[in-house]
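Here is how the chains run, residue by residue.
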Amino acid sequence: MSVDRRTAELVEHAMDAWGALVYRLALSQTRSPHDADDVAQDVFMRLVGVSVAFRDDEHLKAWLIRCTVNRCRELRRSAWKRRVSATDIAAPELANLEAPVQELVKSDVWEAVSRLPKQLRLIVHLRYYEGYSVDEIASLARCKPATVRTRLFRARKRLKLDLEQEVEHETDELGRLPLADGQR
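A few points on the structure. In every chain, residue numbers begin from 1 and rise along the written sequence. Totals for whole chains, interfaces and linings use every residue, but because this is a predicted model, local features are given only for residues with pLDDT of at least 70 and side-chain atom pairs only at 80 or more, for both listing and counting. Hydrogens are left out, water is left out, and the side-chain values use all remaining heavy atoms of the structure.

### Structural notes on the overall build of the protein chain
Next up, step 1: A run of H or I in DSSP counts as a helix once it spans at least four residues, and a run of E counts as a strand once it spans at least two, with each numbered from the N terminus. From N to C terminus, the protein chain includes 9 helices and 0 strands.
Next up, step 2: Walking the protein chain from its N terminus toward its C terminus, one meets helices and strands in the order α-α-α-α-α-α-α-α-α.
Next up, step 3: Only protein chains enter the accessibility calculation, which uses a 1.4 Å probe; a residue is then buried when its area is under 20% of its type maximum, exposed when over 50%, and partly exposed in between. Relative to its 184 residues, the protein chain shows a buried fraction of 38%.
Next up, step 4: Sequence separation of 24 or more characterises 63% of the internal contacts of the protein chain that already satisfy a separation of 6 or more.
Next up, step 5: Working definition of accessibility: Shrake-Rupley area with a 1.4 Å probe, residue cover restricted to the visible protein chains. Working note: accessible area of the protein chain is about 11,800 Å², and carbon and sulfur atoms make up 52% of it. We call two residues in contact whenever any of their non-hydrogen atoms come within 4.5 Å of each other.

So, in structure tokens, the structure goes:
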């Protein structure tokens, strides 16, 4: 009885404290609100069945992040994902998302980040959306800090080019539109 109570309290605490983080990370990795829901649910279900004695909240948070990343990888590798084409990536249903997440998903920067390769996307998400240091990201991503710095550099370079091209494209389109009075 006490184990079940501890588990319920632990899961409730984890969901309250880091439920949004797990969902945002899953959304960043899967680029699908439906898959992000599934991943988040699976992560917290795994927490129910885990027998790890967490040292503190940071240990639990790191476990949740690692489990989320692993579950996203499993989903990507699954036979279902390889054989079925997703229809919700281009136009995710934003009505079911919370307001802060809706604003995040609608932003041009989010779209640019979602176009990055998965390794760069994970590093950027952990650094700029979740606020982790390079050393913390290195331990979470199981790589060296120098690798994290290199990936951040490459990601920033790609994002800069991508966003500059997007601005140029929008400027070209606006420049060619006729004015309201018909004059150019």
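### Points about helix 7 (residues 118–129)
Next up, step 1: For helix 7, with 12 residues, the first-to-last C-alpha span of 15 Å sits near the 16 Å given by 1.5 Å per residue.
Next up, step 2: Within helix 7, burial applies to Leu-120, Arg-121, Leu-122, Ile-123, Val-124, His-125 and Leu-126.
Next up, step 3: Gly-131 occupies a position one or two residues after helix 7 and carries a positive phi of about 80 degrees. Here the expected span of a helix is defined as 1.5 Å times the quantity of residues minus one.

### Notes on the environment of Ala-155
Next up, step 1: Counting through the fold element by element, Ala-155 comes out in helix 9 (residues 145–176).
Next up, step 2: Look at Ala-155 and you get buried, because its relative accessible area is 0%.
Next up, step 3: Ignoring sequence-local partners within four residues, the contact set of Ala-155 consists of Leu-116, Leu-120 and Val-124.

### Points about a negative patch on the surface
Next up, step 1: A patch consists of residues exposed above 30% relative accessible area that lack any salt bridge, with like charges linked at up to 9 Å and nonpolar side chains (Val, Leu, Ile, Met, Phe, Trp, Tyr) linked at up to 5 Å. Between Lys or Arg on one side and Asp or Glu on the other, a salt bridge is scored when a side-chain nitrogen of the former is within 4 Å of a carboxyl oxygen of the latter. For the purpose of counting charges, residues Lys and Arg are taken to be positive, whereas Asp and Glu are taken to be negative. His and the chain ends are not included. Note that the charge is assigned to NZ on lysines, CZ on arginines, CG on aspartates and CD on glutamates. Together, Asp-56, Asp-57, Glu-58, Asp-135 and Glu-136 make up a region of like negative charge exposed at the surface.
Next up, step 2: Secondary-structure elements contributing two or more residues to the negative patch are helix 3 (57–77) and helix 8 (134–141).
Next up, step 3: With respect to the element layout, Glu-58 can be found in helix 3.
Next up, step 4: Its relative accessible area of 48% is what places Glu-58 among the partly exposed residues.

### Quick notes on unusual backbone geometry
Next up, step 1: Not every positive phi belongs to a glycine, and Arg-31 is a case in point at roughly 60 degrees.
Next up, step 2: One can find Arg-31 in the loop between helix 1 (2–30) and helix 2 (33–49).
Next up, step 3: For Arg-31, a relative accessible area of 35% corresponds to the partly exposed category.
Next up, step 4: For Arg-142, which is not a glycine, the phi torsion comes out positive at approximately 55 degrees.
Next up, step 5: Inspection of the secondary structure puts Arg-142 in the loop between helix 8 and helix 9.

### Topic: the pattern of salt bridges
Next up, step 1: Evaluation of the coordinates by the stated rule reveals 6 salt bridges.
Next up, step 2: Across the pair Asp-42 and Arg-71 runs a salt bridge whose closest N-O atoms are separated by 2.7 Å. In this pair, Asp-42 sits in helix 2 while Arg-71 sits in helix 3, placing the two residues 29 residues apart along the sequence.
Next up, step 3: Note that Arg-115 is salt-bridged to Asp-162, the shortest N-O span being 2.8 Å. Pair noted here: Arg-115 is in the loop between helix 6 (108–114) and helix 7 and Asp-162 is in helix 9, with a separation of 47 residues, a long-range link.

### A closer look at the packing of helix 7 against helix 8
Next up, step 1: Note on method: axes are straight lines fitted to C-alpha atoms, helices fitted across the in-contact stretch only, with angles between N-to-C directions ranging 0 to 180 degrees. Running from N to C, helix 7 and helix 8 cross one another at 140 degrees; their axes reach a closest spacing of 10 Å. For the element pair helix 7 / helix 8, the angle class is oblique. Crossing angle aside, the handedness with which helix 7 passes helix 8 is right-handed. Touching Ile-123, Leu-126 and Arg-127 of helix 7 are Val-134, Ile-137, Leu-140 and Ala-141, all from helix 8.
Next up, step 2: Each residue gets one label: Ala, Val, Leu, Ile, Met, Phe, Trp, Tyr, Cys and Pro are nonpolar, Asp, Glu, Lys and Arg are charged, and the others, such as Gly, are polar. Grouping the constituent residues of the contact of helix 7 with helix 8 by class yields 6 nonpolar, no polar and 1 charged. For this classification, under 35 degrees means roughly parallel, over 145 means roughly antiparallel, 65 to 115 means roughly perpendicular, and everything else is oblique. Here a crossing is taken to be left-handed if its near helix is turned anticlockwise relative to the far helix by less than a right angle, and right-handed if that turn runs clockwise.

### Here's the deal with the packing of helix 2 against helix 3
Next up, step 1: Helix 3 packs onto helix 2 with a crossing angle of 130 degrees between their chain directions and a minimal axis gap of 9 Å. Taken together, the axes of helix 2 and helix 3 lie oblique to each other. Like other packed secondary-structure pairs, helix 2 and helix 3 cross with a definite hand, here right-handed. Taken together, the residues of helix 3 that come into contact with helix 2 (itself represented by Asp-35, Val-39, Asp-42, Val-43, Phe-44, Arg-46 and Leu-47) are Leu-60, Trp-63, Leu-64, Cys-67, Thr-68, Arg-71, Cys-72, Glu-74 and Leu-75.
Next up, step 2: Broken down by class, the residue content of the contact of helix 2 with helix 3 amounts to 10 nonpolar, 1 polar and 5 charged.

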